[in-house]
There are 4 protein chains.
Amino acid sequence: MSDGRIPVAVLGATGNVGQRFVQLLECHPWFRVAELVASERSAGKTYREATDWRLSATMPESAAGLMVQGYDADLQSPVVFSGLPGEVAGEIEQRLAARGHAVLSNTSTHRMEPDVPLLIPEVNADHARAIETQRKNRGWSGYIVTNPNCSTIHLVLALKPLHDAYGLEGVLATTLQAVSGAGYPGVPSLDMIDNVVPYIGGEEEKIEVEAQKLLGGYDPAQGFQPAAVVFSAHCNRVPVRDGHTECVSVKLANPATPEEIIETFESFRGRPQELGLPSAPPQPVIVRREPNRPQPVFDRDDAKGMASIVGRVRPCPLLGSKFVVLGHNTVRGAAGASVLNAELFKVDGLLPV
Amino acid sequence: MSDGRIPVAVLGATGNVGQRFVQLLECHPWFRVAELVASERSAGKTYREATDWRLSATMPESAAGLMVQGYDADLQSPVVFSGLPGEVAGEIEQRLAARGHAVLSNTSTHRMEPDVPLLIPEVNADHARAIETQRKNRGWSGYIVTNPNCSTIHLVLALKPLHDAYGLEGVLATTLQAVSGAGYPGVPSLDMIDNVVPYIGGEEEKIEVEAQKLLGGYDPAQGFQPAAVVFSAHCNRVPVRDGHTECVSVKLANPATPEEIIETFESFRGRPQELGLPSAPPQPVIVRREPNRPQPVFDRDDAKGMASIVGRVRPCPLLGSKFVVLGHNTVRGAAGASVLNAELFKVDGLLPV
Amino acid sequence: MSDGRIPVAVLGATGNVGQRFVQLLECHPWFRVAELVASERSAGKTYREATDWRLSATMPESAAGLMVQGYDADLQSPVVFSGLPGEVAGEIEQRLAARGHAVLSNTSTHRMEPDVPLLIPEVNADHARAIETQRKNRGWSGYIVTNPNCSTIHLVLALKPLHDAYGLEGVLATTLQAVSGAGYPGVPSLDMIDNVVPYIGGEEEKIEVEAQKLLGGYDPAQGFQPAAVVFSAHCNRVPVRDGHTECVSVKLANPATPEEIIETFESFRGRPQELGLPSAPPQPVIVRREPNRPQPVFDRDDAKGMASIVGRVRPCPLLGSKFVVLGHNTVRGAAGASVLNAELFKVDGLLPV
Amino acid sequence: MSDGRIPVAVLGATGNVGQRFVQLLECHPWFRVAELVASERSAGKTYREATDWRLSATMPESAAGLMVQGYDADLQSPVVFSGLPGEVAGEIEQRLAARGHAVLSNTSTHRMEPDVPLLIPEVNADHARAIETQRKNRGWSGYIVTNPNCSTIHLVLALKPLHDAYGLEGVLATTLQAVSGAGYPGVPSLDMIDNVVPYIGGEEEKIEVEAQKLLGGYDPAQGFQPAAVVFSAHCNRVPVRDGHTECVSVKLANPATPEEIIETFESFRGRPQELGLPSAPPQPVIVRREPNRPQPVFDRDDAKGMASIVGRVRPCPLLGSKFVVLGHNTVRGAAGASVLNAELFKVDGLLPV
């Protein structure tokens, strides 16, 4: 069973994000899914029995036979990926961190806490240093690291190089979000066939505050300092399975032409690319030059779902520049983000292994 | 056959907008569909034979038996509604106006010309005066009056009361547009199932310039003066049959609270309401207070598709205020707009009858 | 408040079918919605507060202010329409029937019981006689009358004239059913976008047995005698909001040509048509002659949703004849069916008023 | 450029099926795409310029730079795959066959001709012998081999083992077909959002006659003898991108239980499996045991889209047995079928190389 790979646990393993963790980790070179955790309804069954697998015809064989454990399980894996529902995540993740596990969480619960890194390796890898303060503050042998909301992550991946190059002052983002972001059963089909829902509870606020934390600084003495960039989001649910589309207008301190912005997007690289992390996309931001791209059904799986795809870079009469960004919301926007964080931590010697 | 109602012709009668004209005029108290015009492929057939009716189970009986005429028909009706495709509209509409017809056009061709009114009766009824200049300039006995693009009209209906009350400085609008706006066959289903297309050719530019003309002034000496409001639009096609949803952020010269803005929307009335025009909605802008409305499938037919439905009025961290506006794109956004223009002209004695 | 119309109660008033009852009864000439019943979650709220209205922009004003009562309410209305969920319907409906109410139920619970009429007024109006036996058997002063499953009703409306004219021997029906048939929240959008679910729990069995009861006889001495017709159903859920499409092949004892079958469909009339009941469609079965009709989005609202729309009548190489039938599943397929039953009972003096 | 693989041409390369050929052949071990042919509109452009690639984010690099040739091109590749539109296929395919090319065609034009094999390697590999007669009859140095319609192929893959084991007498199949089967632009989205179209021109007839040819015999003296099995099809278009679902009832000469039928499906193997052809699925028919599978969005890509997925095997009250079969319509249902035919011919020494 042991093959030299680090055993990991997946919390919320039967849900949409949990299934994506299992899928992404199936052939991972460094990590091996060893433990699966879900609610009491699933505990005691095999993963095959407990799960209505919805990512492809059949679930990975390696996971199918594992026994699902309940939320109070005494886990052995040093690394824990969490796709838990928000309402139960808090306590469970804290308990595991206290016991020494590295908890890489996709859940929103701890994201904005003052000693919890909210991390995108290409954007703010240095925020990882906050785990030292976190451990000290809380007396934990492990820690919690979070990744942003599925809309925030693709927005910020695109904004980071612009912020570095031209200085962001304001951002207006309107999202057209896929239904997989709401989990399963999630959005009723009577709300989606021939329809748009111009509201996703809490989503606009998450984007507005998470983006500021991500683009801001970290200092052990003073903690996180949000970036002085004003964000405004309009969030919509649309009849798309996977892939969030975002229409973005930006105000730059030093205005740039579309050609300059495209060049800035395309030359952007971060630590995952420098380190050649297994899940890193070769380019974090891919630019499409066709007038009508990116589109979710065609582009969401580009770079295995780990990149943000930008298109339609053009002047904005009001704010200066505008563009469209698309990204896979359950790969780079959720499970893949946590996995990339874990890969960075492994290289940086931060995993408890 | 004559029942005292004014006989009207519908150009482009077999298309999406043409069908909507026929439907809206079926029981109109003032107008009677007397002539139907379409391309040579349909000419010489009855409307029933020529048309793949797609608005309900069966087409209005009164229209079904009419013989469709070709583009070069010598029309008898004083009033002509045009839902012609842009590529043929120019010449045909001009020829008819020259011959004395009142041409009420939904086509974009003439909208931005310096002597052609682009009209929303609640917004800029006084622009109708430009038809005098138009006739003089062109030596026509008739005239052309246009209504705006389907996205522009609902946006501007919502913006007009805000502009009057608080002074608009800038507007950022992101649209989620229905497929009926693209006509038939229009958008292929392979581009819409499980997808969003973040681009509609020419649409963003139309919104940006039409809105300025609509909110601007008119003076016989100086012509149209565009409003000094900066507009920026992001346009998307989404898998919705009818009803355009628009996410709007506005910068006001005199900022207002959401409560004030809601009050301003709800108290807005225009000449159609004062005059009690047959197709006028009781309230041009209806406000929904639920957190997740308006939605196309539920709200597009409110007020028989003739009103703009607003919701989610709230502060915008970047521009000051934001909200969602939804409207039926082929009723108030197209055929219904032309019909309301004709009703206004009748009351004002501007129809050649 | 009293206007001479019979006060009625709606059970399960906040659900999909309950909302349809409220909508259909809004302007009913004989019945007036006086009481609304739903689960304890809604009891004590006004209908407006308790209900997420999903049939149009706004709910009927007359119902909006009514106070919703709980399942154990002591109802005053002599006539009760039930759109209760199956798991609670049994006991509640029985209690009300025992107390003297006429319970017209859309729920499946009692449909196949040996003393409960399963009724389509055009098909088996004489089955209503079973309520005498029912009252005697059960010692009730009221009674329960049911209408069939949403797929069964449109299938049987189309089959009845064929059975009478040519003798049915076998029927194979494959359904493509709308999501509104599953209630709300019902089918998750992750199961419907870009997908078909070839299974609806219990549906095939319902069609197979209900159709036999409907086409069979009733005799007070011997009860219901199922028709000797073999039915086989394949049921599918498809991404359609309203309107079930059914592909039907039939084996007739006396084979008929498509022209004869069309003539048989079109000349079919039943007691609702003879009596001119308010909700009766002029023709129970409407035939479309276009090669590609009926289609749900265009035809489901024909005859206000109360007729079955047939098309593509043609020979079946295997069974003899085949055709497509479409019907609105929550109007004639649910609430409208119960209302029509009540109208028949009123004329026949069977209502407790 | 030459790497030992056989150079092949793709006709109709820019269309839906043509794109699928290019995708499937990208890494093929035996064939290499050397020539691309499309209409004059595309001729003279690179494939990248000429094609609106719709299968994934980016087209295969190896094809992108090839120059597209017109229909009258003088091709060098011995093997030609055809995804031509029916209206032009006839003459072009014949001209190429006459000149010595092996034409493997997905187009319907020649399928039912008395000397043209209609081939599924698992079903009727021996029909390939008809190419000798074809060459002799027509004086050609090459030949045309066809594969069936996208619905027929998955139906017949499932029926073949049943026919061999139990003797088919009658088959009733109702299809729910994906829009990709209609090409691009194909089905308008106004015909698919919230809708079903219960008609596909010519499709029912194709299924009924092609299936008989496929399950029938071939004898050089007497030609093709259609199987004495009666087929009846109902064809529907549904809002699904890829993957045709078919509800099938069968009458067997020797009735079998569901368990026996499942065992028969699962043990079915054909020549592609025996020979281990590169595109052969390990099992031509895969059986799902869940009550609600197969479903297009989850199962169409199973076995890389080359297998037929069966589920819901159960008794049919009318015909004896019923089940659901699903298959990818542009992989095994179109391009993949032609490729598998070519692989069989290579092993059998029938390719002109």
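Computed from a predicted structure; not experimentally measured. (Residues numbered from 1 in each chain as written. Chains lettered and ligands numbered in written order. Predicted model: local features only at pLDDT ≥ 70, side-chain atom pairs only at ≥ 80, totals over all residues.)

**Student:** Give a description of the sheet that holds strand β2 (residues 31-37) of chain B that names residues and reports values.
**Tutor:** Residue and element names in this part refer to chain B. Strand order across the open sheet formed by six strands is β3-β2-β1-β4-β5-β6, with parallel pairing between neighbours. With one partner strand each, in any of the chains shown, β3 (68-69) and β6 (143-146) form the two edges of the open sheet. Of the strand pairs in this sheet, strand β1 (residues 6-11) and strand β4 (residues 79-82) are connected by four bridges, and their pairing is parallel. Paired with Ala9 across the strands is Val80, a residue of β4. Contacts between helix α12 (residues 331-347) and the sheet are confined to β2, β4, β5 (102-105) and β6, with β5 contributing the most and set at about 145° to the helix. (Pairing = 2+ DSSP bridges. Helix = DSSP H or I, 4+ residues; strand = E, 2+ residues; numbered from the N terminus. Contact = placed C-beta atoms within 7 Å. Axes fitted to C-alpha atoms, helices over the stretch in contact; angles between N-to-C directions.)

**Student:** Please give an account of the nonpolar core that cites residues and values.
**Tutor:** In this structure, Val10 and Val310 of chain C together with Val10 and Val310 of chain D are the most contacted members of the largest nonpolar core, which totals 195 residues. The contact partners of Val310 of chain C, leaving out residues within four places of it in the chain, are Ala158, Phe265, Val285, Ile286, Val287, Phe323, Val324 and Val325 of chain C. Membership of the second largest hydrophobic core comes to 193 residues, among which are Ala307 and Ala335 of chain A together with Phe81 and Leu214 of chain B. (Core = buried A, V, L, I, M, F, W, Y, C linked by C-beta atoms within 7 Å. Buried ≥ 20, exposed ≤ 12 C-beta atoms within 10 Å, placed from the backbone.)

**Student:** How would you summarise the relation of the copies chain B and chain C if you had to cite specific residues and measurements?
**Tutor:** Once turned by 180° and shifted 0.0 Å along the axis, chain B lies on chain C with an RMSD of 0.0 Å. Look at the turn and shift together and you get a two-fold axis relating the two. When C-alpha distances to the rotation axis are compared across chain B, the minimum falls at Asp194 of chain B, with a value of 3.1 Å. Both copies contact each other with a shared surface, as 100% of the interface residues of chain B are interface residues in chain C too. (Least-squares fit on C-alpha atoms with pLDDT ≥ 70 in both.)

**Student:** Tell me what's going on with the interface of chain A and chain B, and back it up with residues and numbers.
**Tutor:** In this assembly, 35 residues from chain A lie in contact with 35 residues from chain B. Of all elements in the fold, only β7 (168-177), β10 (230-237), β11 (244-252), α11 (296-299), β13 (308-316) and β14 (320-327) of chain A reach the threshold of two or more residues within the side of chain A that touches chain B. Element by element, the count of residues in the side of chain A that touches chain B is highest for β10 of chain A, at five residues. Split into classes, the residues belonging to the side of chain A that touches chain B amount to 20 nonpolar, 10 polar and five charged. (Nonpolar A, V, L, I, M, F, W, Y, C, P; charged D, E, K, R; others polar.)

**Student:** Please provide a residue-by-residue account of the relation of the copies chain A and chain B, values included.
**Tutor:** What relates the pair of chain copies is a rotation about an axis plus a shift along that axis. Its rotation angle being 180°, the transformation that places chain A on chain B also includes 0.0 Å of axial translation and leaves an RMSD of 0.0 Å. Most of the interface of chain A is mirrored in chain B, where 100% of its interface residues again form contacts.

**Student:** An account of the domain arrangement of chain A is requested, with residue identities and associated values reported.
**Tutor:** All names here are of chain A. The domain boundaries assigned to chain A delineate domain 1 (6-149 + 335-347) and domain 2 (150-328). Using C-alpha coordinates to define each centre, domain 1 is positioned 24 Å away from domain 2. At the junction of the two partners, domain 1 supplies 32 residues and domain 2 supplies 31 residues. A total of seven residues in the side of domain 1 that touches domain 2 trace back to one element, the largest contributor, which is helix α12 (residues 331-347). The class makeup of the residues in the side of domain 1 that touches domain 2 is 16 nonpolar, 10 polar and six charged. (Domains from an automatic or database assignment.)

**Student:** Outline the packing of helix α7 (residues 150-166) of chain D against helix α8 (residues 203-215) of chain D, supporting the account with residue identities and numerical values.
**Tutor:** Residue and element names in this part refer to chain D. Running from N to C, α7 and α8 cross one another at 40°; their axes reach a closest spacing of 10 Å. The two elements α7 and α8 cross, and the hand of that crossing is right-handed. Residues Ser151, Thr152, Leu155, Val156, Leu159, Lys160 and His163 of α7 touch α8, and the partners they reach there are Glu203, Lys206, Ile207, Glu210, Ala211, Leu214 and Leu215. Of the residues assigned to the contact of α7 with α8, the class counts are seven nonpolar, three polar and four charged. (Left-handed = near helix turned anticlockwise from the far one by under 90°.)

**Student:** Describe in detail the interface of chain B and chain C, supporting the description with residues and values.
**Tutor:** Contacts between the two partners involve nine residues from chain B and, on the opposite side, nine residues from chain C. Residue composition of the side of chain B that touches chain C, grouped by class: three nonpolar, one polar and five charged.

**Student:** Before we move on, could you go through helix α6 (residues 130-138) of chain B and cite the residues and values that matter?
**Tutor:** An α-helix turns once per 3.6 residues; consequently, residues spaced three or four apart project the same way. Residue and element names in this part refer to chain B. What α6 keeps buried is the set Ala130, Ile131 and Gln134. Along the long axis of α6, the arc covered by the buried residues comes to 100°, so they all point the same way. Those residues of α6 that are buried lie in contact with β6 and β8 (217-219). Positive backbone phi, at 65°, marks Gly139, one or two positions downstream of α6. (Arc of directions from axis to C-beta.)

**Student:** Mind laying out the sheet that holds β7 of chain A, listing which residues take part and the relevant values?
**Tutor:** Residue and element names in this part refer to chain A. Here we have six strands laid out as an open sheet, ordered β10-β7-β11-β14-β13-β12, and mixed in their pairing. At either end of the open sheet lies a strand with only one pairing partner, and these are β10 and β12 (285-287). Ignoring strand direction, the axes of neighbouring strands in this sheet form an average angle of 25°. Note that β7 and β11 share eight bridges and pair antiparallel. Looking at the pairing, Leu176 lines up with Thr245 of β11. Lying on the sheet, helix α7 (residues 150-166) is in contact with β7, β10, β11, β12, β13 and β14; it crosses β11 at an angle near 25°.

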